[in-house]
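Coordinates in review
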Amino acid sequence: MAADDTAAPAPLVGTKPASGVPARGYSWESFKPGNMAAVKSGAYSPRIVEPLADLVYADLLEQHPRLRNPLYAVMVRDFARTVVRVERMEERLADGDLDSDGNPLPGSASLLRQRTHLMHLADRLGLTPLANAKLGKDIAATEVDIAKLMADVFAREKDDS
C-alpha cells in the first residue's frame, strides 16, 4: 500500500451534487418552537398530558365526590396525569412491547413503572375494589364510634339530670 492510501479523505465542504441542485429538489424548513416532530408517545409532554389529565380529573371528582376534599387534590391530579401517561404509552406499544428478538422495546420499562404508580395511587385513593371496601369499613367503623360516643354523652347527661 502506498502512503497516500492511508490518509484520511478530504472533507466535502462546499461540494454540490453533480446536478448542482439539492438532492430530489426539496428541503425542509427549520423546526419552529412548539413543533411536535420529536414526540413519540407524548406521555411526558405537558402540552399533550395536561389537557387530557384535566378531563380525567374532572371525571374523577364527578364520580367520586369524596375526592373533592382539598386533602386529596395533589394525589388526584397525579392519578389523572398517570392515567393519561399510561394510555399514551399503551397506545404507542399497541403492537406489543417486545421486538422481533424478544427484547423489551424502549418505553416498556417506563410503562411498567407508570402502571405500578397508577395502581398505588388507585389504592391510596380508594379506587380499587379492595381499597374501596376497606375505606367503606373504616368509614362505617368511624360512624359507629361516633354514635357510641354520642350515646355515652346522652347517657351521662341523663344521669346528671
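Located above this text is the structure these notes cover.
So, here is what we can say about the structure in this document. For every chain, the first residue of the written sequence is number 1, and numbering continues from 1 onward in sequence order. Since the coordinates come from a predicted model, pLDDT governs what is reported: local features require at least 70, and pairs of side-chain atoms require 80 or more to be given and counted, while whole-chain, interface and lining totals use all residues. As a rule here, side-chain values come from all non-hydrogen atoms in the structure, and water together with hydrogens is ignored.

**So, the overall build of the protein**
Regarding its fold elements, the protein presents four helices and zero strands. Strands here mean DSSP runs of E at least two residues long; helices mean DSSP runs of H or I at least four residues long; both are numbered from the N terminus. For the protein, the N- to C-terminal ordering of α and β elements is α-α-α-α. Within the protein, the fraction of its 161 residues that count as buried is 20%. We call two residues in contact whenever any of their non-hydrogen atoms come within 4.5 Å of each other. For the protein, the proportion of contacts with a sequence separation of at least 24, taken over those separated by at least 6, is 58%. Here the Shrake-Rupley method, with its probe set to 1.4 Å, supplies the accessible areas, and only the displayed protein chains count as covering residues. As displayed, the protein offers around 12600 Å² of accessible surface, 58% of which is attributable to carbon and sulfur atoms. Only protein chains enter the accessibility calculation, which uses a 1.4 Å probe; a residue is then buried when its area is under 20% of its type maximum, exposed when over 50%, and partly exposed in between.

**Brief notes about the nonpolar core**
It is characteristic of soluble globular proteins that their nonpolar side chains tend to be buried jointly. Nonpolar cores are built from buried Ala, Val, Leu, Ile, Met, Phe, Trp, Tyr and Cys residues. Side-chain atoms within 4.5 Å join them into one set. Counting 21 residues, the largest nonpolar core has Val 56, Val 76 and Phe 79 as its most contacted members. When contributions to this core are tallied by element, the ones reaching two or more residues are helix 1 (46-63), helix 2 (73-92) and helix 3 (108-124). It is helix 2 that provides the largest number of residues to this core, a total of seven residues. When sequence neighbours within four positions are dropped, the list of residues in contact with Val 76 reads Tyr 57, Leu 60, Leu 61, Leu 67 and Leu 125.

**Side note on the side chain of Thr 128**
Structurally, Thr 128 can be placed in the loop between helix 3 and helix 4 (129-160). Residue class for Thr 128 comes out buried when judged on its relative accessible area of 10%. Under this definition, polar contacts are N or O atom pairs within 3.5 Å; protein pairs additionally need one hydrogen-donor-capable and one acceptor-capable atom, and for neighbouring residues in sequence, both atoms have to be side-chain atoms. Looking at Thr 128, its side chain comes within polar contact range of the side chain of Asp 123, at 2.7 Å. Sequence-distant contacts of Thr 128, that is, excluding residues within four places in its chain, are made with Met 119, Ala 122 and Asp 123.

**A closer look at the packing of helix 1 against helix 2**
Axis geometry follows a simple rule: fit a line to the C-alpha atoms, using only the stretch in contact for helices, then measure angles between N-to-C directions, giving values from 0 to 180 degrees. The contact between helix 1 and helix 2 brings their axes to 8 Å, and the two run at 125 degrees. Relative to helix 2, the element helix 1 is oriented oblique. Helix-helix and strand crossings are classified by hand; for helix 1 and helix 2 the assignment is right-handed. Between helix 1 and helix 2, the residues in contact are Ile 48, Val 49, Glu 50, Leu 52, Ala 53, Asp 54, Val 56, Tyr 57, Leu 60 and Leu 61 and Ala 73, Val 76, Arg 77, Phe 79, Ala 80, Arg 81, Val 83, Val 84, Arg 85 and Arg 88, respectively. Put simply, Ala, Val, Leu, Ile, Met, Phe, Trp, Tyr, Cys and Pro go in the nonpolar bin, Asp, Glu, Lys and Arg in the charged bin, and everything else, Gly too, in the polar bin. The residue makeup of the contact of helix 1 with helix 2, split by class, is 14 nonpolar, no polar and six charged. Each angle receives one of four descriptions, namely roughly parallel if under 35 degrees, roughly antiparallel if over 145, roughly perpendicular if within 65 to 115, and oblique otherwise. Helix crossings get a hand from a simple test, with the near helix turned counterclockwise from the far one by less than a right angle marking a left-handed crossing and a clockwise turn marking a right-handed one.

**Looking at the packing of helix 2 against helix 3**
Remark: helix 2 packs on helix 3, axes separated minimally by 9 Å, with the N-to-C direction vectors making an angle of 145 degrees. The two elements helix 2 and helix 3 cross, and the hand of that crossing is left-handed. Side by side, helix 2 and helix 3 meet where Met 75, Asp 78, Phe 79, Thr 82, Val 83, Arg 85, Val 86, Met 89 and Glu 90 of the first sit next to Ser 110, Leu 111, Gln 114, Arg 115, His 117, Leu 118, Leu 121, Ala 122 and Arg 124 of the second. Of the residues belonging to the contact of helix 2 with helix 3, the class tally is nine nonpolar, four polar and five charged.

**Describing the side chain of Ser 110**
Position of Ser 110 among the secondary structure elements: in helix 3. Looking at Ser 110, the relative accessible area reads 19%, which means it is buried. With sequence-adjacent residues up to four places away left out, Ser 110 is seen in contact with Tyr 44 and Met 89.

**As for the environment of Ser 108**
Mapped onto the elements, Ser 108 comes out in helix 3. For the pair Ser 108 and Gly 96, spaced 12 residues apart in the sequence, the C-alpha separation amounts to 9.2 Å. Ignoring sequence-local partners within four residues, the contact set of Ser 108 consists of Leu 93 and Asp 97.

**Details of the pattern of salt bridges**
We count a salt bridge whenever a side-chain nitrogen from Lys or Arg sits within 4 Å of a carboxyl oxygen from Asp or Glu. Scanning the entire structure with this criterion turns up three salt bridges. One salt bridge in this structure joins Asp 54 and Arg 77, with 2.6 Å as the shortest N-O distance. Here the residue Asp 54 occupies a position in helix 1, and Arg 77 occupies one in helix 2, the gap between them amounting to 23 residues. As a salt-bridge pair, Glu 90 and Arg 115 come within 2.9 Å of each other at their nearest N and O atoms. Residue Glu 90 is found in helix 2, and its partner Arg 115 is found in helix 3; the two are separated by 25 residues along the sequence.

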